[in-house]
Amino acid sequence: MIGKKGTHTIRRAWFAGSWYSADPAELETSIELSFENARSVETQHPLPFSEARFAVLPHAGHTFSSRGIAHAFAHIPAKLERIVILGPSHYAVLDADRFTTADIDTFETPLGEVKGFELFDKSHPRRIDHPVAVQREHALEMILPFIAYLQHQRKQHLQVSVALVSQITSPEAARLLASDIEQAICAESLDEGKVMVIASSDFTHYGRRFNYVVHGESPLSHVTESVKRDDLAIANFLARGDVRALFLSDYQRRSTVCGLAAAEIVSSLAFSNQSEGYIADYYTSLDVLGSSGADFVTYCTLLWR
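Bear in mind that the values here come from a model prediction, so they are computed numbers and not experimental data.

Turning our attention to helix H6 (residues 171-185). Between its terminal C-alpha atoms H6 stretches 21 Å, which fits the 21 Å expected from 15 residues at 1.5 Å a residue. Inspection of H6 places Pro171, Ala173, Ala174, Leu177, Ala178, Asp180, Ile181, Glu182 and Ile185 among the buried residues, and these make up the whole buried set. One or two steps after H6, the chain reaches Cys186, where phi turns positive at roughly 80°.

Printed below as a string of structure tokens:
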């Protein structure tokens, strides 16, 4: 849980040893392998830029998400000092159109500690504190070992702020929350690449396990291609910053993209900063496992320069 040493608040590495390795050497090796896997994808589809300021990244266990996460960390700005991570809440029901957060001084990872910073003070009208929800949320934690790894490689401390966003009720709300972030961290810091904002989101959760079988269950090739079409439509809306069109589409209403609210905020923020988005990677849990099945999850990495 979130613990305290005096007045110092620490977020424990809740999922180390289950969703990713708790052994530092094994974890470092797996992260380095994920960079190799990401580079092999980019060899076939090169990105037209070297540094990314905004991202949508997957958050399943590292077996599934590490390749997608690695793309962003292969394109980290040289001047980066702070990272903001927005994610959904899988374990607690939260208010819509709000940032749910907690005061955290330190994030623990098997690769070392990462310092926290407060994005919004307690008087912010759209801030709600829920330390338990923040501690239990894997969508936030999966990215933290990569940040610790980057610190070690650069021999430089980074700072992280996290928040949960369960639901966005309108394009205007997405733009308002994006504006809150922009004002809190300063547009100049974004322009200079000192701050990176990440939305943590897996894409479609398909099958009876997820109560989502809109494309049927067979043949599997038809199902996965239909899901991919849906996913890439959503990804392209986000990449263009066209959140209003996404809200008007059927995809918004029936999607099982779990971090869509966080992604809509990042998309709005990137659009406000005239950043151009690209789909860096797309794959499924079936691709990772090399198997077939009626239930699967898809992963899509979006980067904005």
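Here the focus is the pattern of salt bridges. Considering all chains together, one arrives at 17 salt bridges under this definition. A salt bridge links Arg244 to Glu172, with the shortest nitrogen-to-oxygen separation between them at 2.1 Å. Taken as a pair, Arg244 in helix H9 (residues 243-248) and Glu172 in helix H6 lie far apart in primary sequence, 72 residues in all. Since its relative accessible area comes to 40%, Arg244 is described here as partly exposed. Residue Glu172 is classed as partly exposed on the basis of its relative accessible area, which comes to 39%. The closest approach of N and O atoms between Asp230 and Arg229, which form a salt bridge, is 3.9 Å.

The next thing to look at is the packing of helix H1 (residues 24-44) against helix H2 (residues 62-73). With their axes 8 Å apart at the nearest point, H1 and H2 run at an angle of 65° to one another. With respect to their mutual orientation, H1 and H2 come out roughly perpendicular. For the crossing formed where H1 meets H2, the hand is right-handed. Two secondary-structure elements touch here, H1 through Leu27, Ser34, Phe35, Asn37, Ala38, Val41 and Glu42 and H2 through His62, Ser66, Arg67, Ala70, His71 and Phe73. Grouping the constituent residues of the contact of H1 with H2 by class yields 6 nonpolar, 5 polar and 2 charged.

What follows concerns the packing of aromatic side chains. Going through the model one piece at a time under the given rule, you end up with 10 aromatic pairs. Ring plane angle 35° and centroid distance 4.8 Å describe the contact between Phe99 and Phe120, whose orientation is recorded as tilted. Here Phe120 lies in the loop between strand E7 (114-116) and strand E8 (127-129) and Phe99 lies in strand E5 (residues 99-101), a separation of 21 residues in the sequence. Classification of Phe120 by relative accessible area gives buried; the value is 6%. Among the aromatic residues, ring-to-ring pairing joins Phe35, Phe73, Phe146 and Tyr149 into one connected group. Directly above the ring of Tyr283 sits Arg67, whose terminal nitrogen or CZ lies 4.2 Å from the centroid. Positioned above the aromatic ring of Phe117, the side-chain terminus of Arg82 is 4.3 Å from the ring centre.

Between H6 and helix H11 (residues 260-272), the least distance of the axes is 8 Å, while the angle of their chain directions is 65°. Taken together, the axes of H6 and H11 are roughly perpendicular relative to one another. By crossing handedness, the relation of H6 to H11 is classed as right-handed. On the side of H6, the interface is formed by Ala174, Arg175, Leu177, Ala178, Ile181 and Glu182, while H11 contributes Glu264, Ile265, Ser268, Leu269 and Ser272. In terms of residue class, the contact of H6 with H11 is made up of 6 nonpolar, 2 polar and 3 charged.

Next up on the list: empty space enclosed by the protein. Tallied over the entire structure, the rule returns 1 cavity of 30 Å³ or more. If you go around the largest cavity, the residues you meet are Thr204, Tyr212, Asp230, Ile234, Tyr251, Arg254 and Ser255. Elements represented by at least two residues in the lining of the largest cavity include exactly helix H8 (220-240) and helix H10 (250-254). Looking at side-chain class alone, the lining of the largest cavity contains 3 nonpolar, 2 polar and 2 charged residues.

If you add up the space inside the largest pocket, you get close to 380 Å³. Along the wall of the largest pocket there are 19 residues; nearest its centre are Asp202, His205, Arg209, Phe210 and Val297. Residue contributions to the lining of the largest pocket peak at 3 residues, all from strand E13 (residues 296-304). When the residues that make up the lining of the largest pocket are grouped by side-chain class, the tally is 9 nonpolar, 7 polar and 3 charged.

What counts, and where the lines are drawn
Residues numbered from 1 in each chain as written. Predicted model: local features only at pLDDT ≥ 70, side-chain atom pairs only at ≥ 80, totals over all residues. Heavy atoms only, no water. Helix = DSSP H or I, 4+ residues; strand = E, 2+ residues; numbered from the N terminus. Expected span 1.5 Å × (residues − 1). Buried < 20%, exposed > 50% of the residue type's maximum accessible area, 1.4 Å probe, protein only. Salt bridge = Lys/Arg side-chain N within 4 Å of Asp/Glu carboxyl O. Axes fitted to C-alpha atoms, helices over the stretch in contact; angles between N-to-C directions. Parallel < 35°, antiparallel > 145°, perpendicular 65-115°, else oblique. Left-handed = near helix turned anticlockwise from the far one by under 90°. Contact = heavy atoms within 4.5 Å. Nonpolar A, V, L, I, M, F, W, Y, C, P; charged D, E, K, R; others polar. Phe/Tyr/Trp six-rings, centres within 6.5 Å; stacked < 30°, edge-to-face > 60°. Lys NZ or Arg CZ within 6 Å of the ring centre and 35° of its normal. 1 Å grid on protein atoms, 1.4 Å probe; cavity = no way out; pocket = protein on both sides within 12 Å on 5 of 7 lines; lining within 4 Å. Points joined across faces, edges and corners; volume = space filled by probe spheres on them.

Function cannot be read off these values alone, since they describe shape.
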